[in-house]
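# Results of the structural survey
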Amino acid sequence: MNDLEQLYQQVILDHNKSPHNYGHLPSCNRTADGMNPLCGDHITVELELNGDIIKDVHFTGSGCAISKSSASIMTTIVKGKTMEEADRMFEQFHHLVTDDTIDVSDEGLGKMAVFAGVKEFPARVKCASLAWHTLHAALHGENEISTES
Ligand code: ZN
């Protein structure tokens, strides 16, 4: 294991241990539930959408370290962004965890690059992307998603 991989793992462990933006959001006006039945991950994303801007975002739920740390990092990244920016990040993240050709040193990916390693483990891809699918559902007015379909 090289140093970079070790650092990435530590970031995931830290976010799993002390997730950011964890807990209910009283000002929430959009929400969605996401399930990943393969692993048993269940995440609820709560958003405060102000016009086009994600003013605040929280999550609750339980799941494995990958799903929880991904949700934690997702909330820190999309807070303050527009819906359009969040949708673009969702796409970037999808490429990051499924596409071998993407350059993970691309700064635009920021903290998300920590999950590039999961594409070696197809079962884990759904854990890492659950929070993003749930965010997408909340933004676009679907209230429930399952990565099974
Ligand atoms: Zn999982």
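Everything numeric in this text was worked out from a predicted model, so none of it was measured. (Residues numbered from 1 in each chain as written. Predicted model: local features only at pLDDT ≥ 70, side-chain atom pairs only at ≥ 80, totals over all residues. Heavy atoms only, no water.)

Looking now at the coordination of the zinc ion. Coordination of the zinc ion by the protein involves Cys39 (SG), Asp41 (OD), Asp41 (OD), Cys64 (SG) and Cys127 (SG), with metal-donor separations of 2.2 to 2.7 Å. Counting along the primary sequence, the residues that act as donors to the zinc ion give the motif C-x1-D-x22-C-x62-C. A relative accessible area of 35% means that cysteine 39 is categorised as partly exposed. Assessed through its relative accessible area of 1%, aspartate 41 is described here as buried. (Donors = N, O, S within 2.8 Å, 3.2 Å for Na, K, Ca; no water. Buried < 20%, exposed > 50% of the residue type's maximum accessible area, 1.4 Å probe, protein only.)

All right, on to the sheet that holds strand β3 (residues 53–62) then. The four strands are arranged β3-β2-β1-β4 in an open sheet whose pairing can be described as mixed. Each edge of the sheet is formed by a strand with only one pairing partner; in this case those strands are β3 and β4 (144–146). Across the sheet, the mean angle separating the axes of adjacent strands is 20° when strand polarity is ignored. Both strand β2 (residues 41–50) and β3 contribute to a ladder of nine bridges, which runs antiparallel. Residue threonine 44 lies in a different strand from β3, and its bridge partner there is threonine 60. Strands in contact with helix α4 (residues 122–139) are β1 (30–36), β2, β3 and β4; relative to β1, the strand with the most contacts, it is inclined by about 150°. (Pairing = 2+ DSSP bridges. Helix = DSSP H or I, 4+ residues; strand = E, 2+ residues; numbered from the N terminus. Axes fitted to C-alpha atoms, helices over the stretch in contact; angles between N-to-C directions. Contact = heavy atoms within 4.5 Å.)

This part covers the packing of aromatic side chains. Inspection of every chain in the model, using the stated rule, returns three aromatic pairs. For the ring pair phenylalanine 93 and phenylalanine 115, a centre distance of 5.9 Å and an interplane angle of 65° mean the geometry is edge-to-face. Within this pair, whereas phenylalanine 93 is found in helix α3 (residues 83–98), its partner phenylalanine 115 is found in the loop between α3 and α4, the two being separated by 22 residues in sequence. With 5.4 Å between their ring centres and 20° between their planes, phenylalanine 93 and tryptophan 132 make a pair best called stacked. (Phe/Tyr/Trp six-rings, centres within 6.5 Å; stacked < 30°, edge-to-face > 60°.)

For the rest of this paragraph, the subject is the side chain of asparagine 21. Along the chain, asparagine 21 turns up in the loop between α1 (3–17) and β1. Assessed through its relative accessible area of 18%, asparagine 21 is described here as buried. Residues in contact with asparagine 21, not counting those within four places in the same chain, are Val57, His58, Phe59, Thr75, Thr76 and Lys79.

Our next topic: the pattern of salt bridges. With the rule as written, the count across this model stands at two salt bridges. For glutamate 48, the salt bridge identified is with lysine 55, shortest N-O distance 3.9 Å. Classification of glutamate 48 by relative accessible area gives buried; the value is 16%. For aspartate 56, the salt bridge is made with lysine 79, and the minimal N-O distance between the two is 3.2 Å. Linking aspartate 56 in strand β3 with lysine 79 in the loop between α2 (65–78) and α3, this pair joins segments that are 23 residues apart in sequence. (Salt bridge = Lys/Arg side-chain N within 4 Å of Asp/Glu carboxyl O.)

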